[in-house]
Amino acid sequence: MLQTLKAHTRPVTSVRFSPDGNMLASSSQDRTVKLGKGSEEKQFRLEKTLLGHGDEVWGWIFSPDGEMIASASHDWKVKLWNTRDKLLKTLDDSTAGLGSVSWSADSKMLAGDSMDGKVRLWRPDGTLLQTLGHIKPMCGV
């Protein structure tokens, strides 16, 4: 084992590397996203904490260009951050907790799924492009 990072006060829900591999970030039930820098040769160390969600953060992702992070929470919001820890925008069009988010390959669209069975598509400026509804939940079918 290379290293154990201890940063969150509640269970971790997701962890990923940035596209260039120099940042490691994790989300948690403690309502935060933590960012660390390092490499295989140089140990990762915690550098920033993204605060602002009112509930557990279950999904997040770096944009393909590595410049932004989108985080999804059970507080019904998606938050967009720059990787220097500044909150850029809050996307608030869900009627239920959000579980995951995904960027388009060109970083021009963001998709988020929610517990109301819908997928929403946004531009990074906060413009809601489309809401895709599902007839019934997939689980238990």
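Scroll up a little and you will see the structure.
Conventions adopted
Residues numbered from 1 in each chain as written. Predicted model: local features only at pLDDT ≥ 70, side-chain atom pairs only at ≥ 80, totals over all residues. Heavy atoms only, no water. Pairing = 2+ DSSP bridges. Helix = DSSP H or I, 4+ residues; strand = E, 2+ residues; numbered from the N terminus. Axes fitted to C-alpha atoms, helices over the stretch in contact; angles between N-to-C directions. Core = buried A, V, L, I, M, F, W, Y, C linked by side-chain atoms within 4.5 Å. Buried < 20%, exposed > 50% of the residue type's maximum accessible area, 1.4 Å probe, protein only. Contact = heavy atoms within 4.5 Å.

What follows covers the sheet that holds strand 5 (residues 57-62). Spatial strand order, 5-6-7-8: four strands in an open sheet with antiparallel pairing. Lying at the two open borders of the sheet, with one neighbouring strand each, are strand 5 and strand 8 (87-91). Each strand of the sheet is rotated relative to its neighbour by a mean of 20 degrees, with strand direction disregarded. In this structure, strand 6 (residues 68-73) lies alongside strand 7 (residues 78-82), joined through five bridges in antiparallel fashion. When the sheet's bridge partners are listed, Met 68 is paired in strand 7 with Asn 82.

Glancing now at unusual backbone geometry. Even without glycine at this site, Arg 31 takes up a positive phi of about 75 degrees. Residue position: Arg 31 is located in the loop between strand 2 (23-28) and strand 3 (33-37). Phi is positive for Ser 107, close to 65 degrees, though the residue is something other than glycine.

A few words now on the nonpolar core. Membership of the largest hydrophobic core is limited to 11 residues, which are Ile 61, Met 68, Ala 70, Ala 72, Val 78, Leu 80, Leu 91, Val 101, Trp 103, Leu 110 and Trp 122. Looking at this core, the elements with two or more residues in it are strand 6, strand 7 and strand 9 (98-103). With three residues, strand 6 is the largest single contributor of residues to this core. The residues touching Met 68, leaving out its near neighbours within four places in the chain, are Ile 61, Phe 62, Ser 63, Trp 81, Asn 82, Thr 83, Leu 88, Trp 103 and Pro 124. Residues Met 23, Val 33, Leu 50 and Ile 69 belong to the second largest nonpolar core, which totals 10 residues.

Moving on: the pairing of strand 2. Here is the key point about a regular strand: its side chains alternate between the two faces of the sheet. For strand 2, the buried fraction is high: six of the six residues fall into the buried class. Here strand 2 shows two buried faces, one formed by Met 23, Ala 25 and Ser 27 and the other by Leu 24, Ser 26 and Ser 28. Of the pairings in the sheet, the one linking strand 1 (residues 12-17) to strand 2 comprises five bridges and is antiparallel in character. Bridge pairing links Val 15 to Ser 26 in strand 2. Hairpin connection, strand 1 to strand 2: the antiparallel pair is bridged by five residues, and Gly 21 has positive phi, about 80 degrees. Where strand 2 meets strand 3, five bridges bridge the pair, whose relative direction is antiparallel. Of the residues in strand 3, the one forming a bridge with Ala 25 is Leu 35.

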